[in-house]
2 protein chains.
Amino acid sequence: MYNTLVRITYDGTAYSGFQFQANAPSIQEALEMALAVIYKQPVRVVGAGRTDSGVHARGQGANFKAPFHIAADKLPYALNALLPPDIVVISAKKVPDSFHARFDARRKLYSYTIDRADYPQVLRRLYSFHLPDPLDLGLIRKAARLFAGTHDFNFFQAAGSSVSDTIRKLFRVDVADYPADDLLVFYIEGSGFLYHMVRLITGTLIRVGKNTLALPEIEAALEGLNSGAAGPTVPPHGLCLEKVYYDSDD
Amino acid sequence: MYNTLVRITYDGTAYSGFQFQANAPSIQEALEMALAVIYKQPVRVVGAGRTDSGVHARGQGANFKAPFHIAADKLPYALNALLPPDIVVISAKKVPDSFHARFDARRKLYSYTIDRADYPQVLRRLYSFHLPDPLDLGLIRKAARLFAGTHDFNFFQAAGSSVSDTIRKLFRVDVADYPADDLLVFYIEGSGFLYHMVRLITGTLIRVGKNTLALPEIEAALEGLNSGAAGPTVPPHGLCLEKVYYDSDD
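Along each chain, residues carry numbers from 1 onward, in the same order as the chain's sequence is written. Labels follow written order: the first chain is A, the first ligand is 1, and so on. Restriction of local features to residues with pLDDT of at least 70 applies here, the model being predicted, together with a cutoff of 80 or more for giving and counting side-chain atom pairs; totals for whole chains, interfaces and linings are based on all residues.

Draft legend 1. Molecular detail of the overall build of chain A. If you tally the helices and strands in chain A, you get five helices and ten strands. Note on method: radius of gyration uses C-alpha positions; expected globular size equals 2.2 Å times residues raised to 0.38. Here chain A has a C-alpha radius of gyration of 19 Å; the compact-globule value for 250 residues is 18 Å, and the two agree. By principal-axis analysis of the C-alpha atoms, chain A measures approximately 55 × 40 × 35 Å. When burial is assessed residue by residue, chain A has 43% of its 250 residues classed as buried. By definition, residue pairs are in contact when their C-beta atoms, positioned from the backbone, come within 7 Å. In chain A, the proportion of contacts linking residues at least 24 apart, taken out of those at least 6 apart, comes to 69%. Strands here mean DSSP runs of E at least two residues long; helices mean DSSP runs of H or I at least four residues long; both are numbered from the N terminus. Neighbour counting defines burial: a residue surrounded by 20 or more other C-beta atoms within 10 Å of its own C-beta is buried, one with 12 or fewer is exposed, and intermediate counts give partly exposed, using backbone-placed C-beta atoms.

Draft legend 2. Structural context of helix α4 (residues 197-209) of chain A. Helix span, expected: 1.5 Å multiplied by one less than the number of residues in the helix. Between its first and last C-alpha atoms α4 of chain A spans 18 Å; for 13 residues at 1.5 Å apiece the expected length is 18 Å, and the two agree. Burial of α4 of chain A is extensive: 13 of the 13 residues sit out of reach of the surface.

Draft legend 3. Representation of helix α3 (residues 137-147) of chain B. All names here are of chain B. Listing the buried residues of α3 in full gives Ile140, Ala143, Ala144 and Phe147. An end-on view of α3 places all buried positions within 110° of arc, on one side of the element. Of the residues in α3, the exposed ones pointing more than 90 degrees away from the buried face are Gly138 and Arg145. Looking at the buried residues of α3, the elements they touch are β8 (167-178), α4 (197-209) and α5 (215-222). Two residues or fewer past α3, Gly149 is found with a positive phi of approximately 105°. Starting at the helix axis, one direction is taken to each C-beta atom, and the arc is that of these directions.

Draft legend 4. Quick look at the pairing of strand β3 (residues 56-66) of chain A. All names here are of chain A. A strand pair is defined by DSSP finding two or more bridges across the two strands. Inspection of the sheet shows strand β1 (residues 2-10) paired to β3 by eight bridges, in the antiparallel sense. Within β3, the residue paired with Thr4 across the bridge is Phe64. Examined bridge by bridge, strand β2 (residues 45-47) and β3 share three bridges and lie antiparallel to one another. When the sheet's bridge partners are listed, Val45 is paired in β3 with Phe64.

Draft legend 5. Spatial organisation of the interface of chain A and chain B. Contact residues are listed per partner, giving 17 residues for chain A and 17 residues for chain B. When residues of the side of chain A that touches chain B are traced back to their parent elements, those giving at least two are β1, α2 (75-82) and β4 (87-94) of chain A. Top element by residues in the side of chain A that touches chain B is β4 of chain A. It accounts for three residues. Note that Gly is not counted as nonpolar here; it falls among the polar residues with everything else outside the nonpolar set of Ala, Val, Leu, Ile, Met, Phe, Trp, Tyr, Cys and Pro and the charged set of Asp, Glu, Lys and Arg. Classifying every residue of the side of chain A that touches chain B by side-chain character gives eleven nonpolar, three polar and three charged.

Draft legend 6. Fine view of the confidence of the model for chain A. As a per-residue measure, pLDDT tells how confident the predictor is, with possible values from 0 to 100. Here chain A averages 95 in pLDDT, while 99% of its residues score no lower than 70. Overall fold confidence (pTM) sits at 0.93, and the ipTM for the predicted complex is 0.90.

Draft legend 7. The arrangement of the domain arrangement of chain A in detail. Residue and element names in this part refer to chain A. Domain boundaries assigned for chain A yield domain 1 (2-103) and domain 2 (106-244). For domain 1 versus domain 2, the separation of C-alpha centres amounts to 27 Å. Each partner contributes residues to the interface: domain 1 has 14 residues there, and domain 2 has eleven residues. Per-class residue counts for the side of domain 1 that touches domain 2 are three nonpolar, nine polar and two charged. The split into domains, and so the bounds of each, comes from an automatic or database assignment of domains.

Draft legend 8. Structural context of the relation of the copies chain A and chain B. Least-squares fitting of one copy onto the other uses the C-alpha atoms of those residues that reach a pLDDT of at least 70 in both copies. Expressed as a screw transformation, the operator carrying chain A onto chain B has a rotation angle of 180° and an axial translation of 0.0 Å, and the superposed copies differ by an RMSD of 0.0 Å. Taken together, the rotation and translation describe the operation of a two-fold axis. Within chain A, Arg124 of chain A has its C-alpha nearest the rotation axis, a separation of 4.6 Å.

Draft legend 9. Representation of the environment of Ala66 of chain B. Residues and elements named next belong to chain B. Looking at the element boundaries, Ala66 is found in strand β3 (residues 56-66). Each C-alpha atom of the pair Ala66 and Leu194 lies 31 Å from the other, and the pair is 128 residues apart in sequence. Apart from residues no more than four positions distant in its own chain, Ala66 is found in contact with Met1, Tyr2, Thr4, Tyr39 and Val43.

Draft legend 10. View of the packing of helix α1 (residues 27-39) of chain B against helix α2 (residues 75-82) of chain B. Residue and element names in this part refer to chain B. Running from amino to carboxyl end, α1 crosses α2 at an angle of 115°, the nearest separation of the two axes being 9 Å. Considering the relative orientation of α1 and α2, their crossing is right-handed. Between α1 and α2, the residues in contact are Ala34, Val37 and Ile38 and Ala78, Leu79 and Leu82, respectively. Per-class residue counts for the contact of α1 with α2 are six nonpolar, no polar and no charged. Axis definition: a line fit to C-alpha positions, over the contact stretch in the case of helices; interaxial angles, taken between N-to-C directions, run 0 to 180 degrees. Crossings are sorted by hand: turned counterclockwise from the far helix by less than a right angle, the near helix makes the crossing left-handed, and turned clockwise it makes it right-handed.

Following this line, the structure appears as structure tokens:
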């Protein structure tokens, strides 16, 4: 078997998320359908992470065990010819048999894009959250620094989650301002994420920017003392999985 | 009657173009449906220009004669609440009774976006033409300068067009390179355009960039001597009507 890592970019608008679901279109299903055509047998795909319904990716990682060899530089073209235009495989490479796209992921980088124009920019509407309200960027940047590092993110996960270990490390939480394009982009990179964690942190930072949440409340939340500081969960279409990092990365 | 100029941005993906067509969705029809709800009677919309099926706009102009007054700063919100999310009115203002969005348009600026990434950028696929081939930007810029000014663009219109006056003036023909985003954007601004003229000029410039068309052939085409220099017509989804200029512009 030829264990293969592929990098995938997709527009999540039309999908229920990365992971297979019985009655809704998923990225995984589309990939497995294309792989079944190429390899003439079922091929199971393992993604680095589920992305939610409507969430996009520029650099999702996934692996599968191919029954026979196809050159790594040919495989993306073969797959893209079979995939719908909103899913594109951008690279493929052979990896050791033991490689697992989810367990071996070291870090993931997400972006969350805010459209700051007075009226929604229609050509960006599927990939950004329209929020024209004034925001205090200085305050947002101060709050972002509080999230960086290792914390218990118990309050920054979707209600009803039952993960036992809620400690995660964030390597990067910052905001890039593109005033010429009326865009604000949050970047959040971490060792791993709880369910809805990126969208909850982004929503929290937006509240700070609107001056409706004070920094000490975030500090208390990260010490497990203030569940009210987290959120709201911003909508999925502003979120994009930019990159998944593996030890094998060049 | 309150003659009103509106500026409109739209994603042309789902439309047959700006202008009303009996059996296909158009921007004009969507606008007229929203206006009919607001004014409780049919309201005819005049656009600055048709845009083709699949062509986008960031700053289309249109006017209509409203039967009663609605404040210019309220009207976009009222319309946007009724319009689908891929059409957004970004401004409205009262104009003289004689104002006509098409006849009074002085200049129009179009952009044409090329996606230069090795594989298509899926989050840009609806708004750019994927063309990863090497292009000689220096040659393209030299060729672009040939188009600027007043010329007979007879060879730079769709076959079968029957416009009698094919002389137009181009104020700007240039190319902006955004290597960090793997994008190349052509900007073409003129007093008016023949059918498919922007897409034919862009296609011509791309051939120059690929080194398959020499500059003297363009000069000959603009002197009416070489019909073979024009085109091909690049696909519509890379094209965007950026702005329509009126004398009344601030």
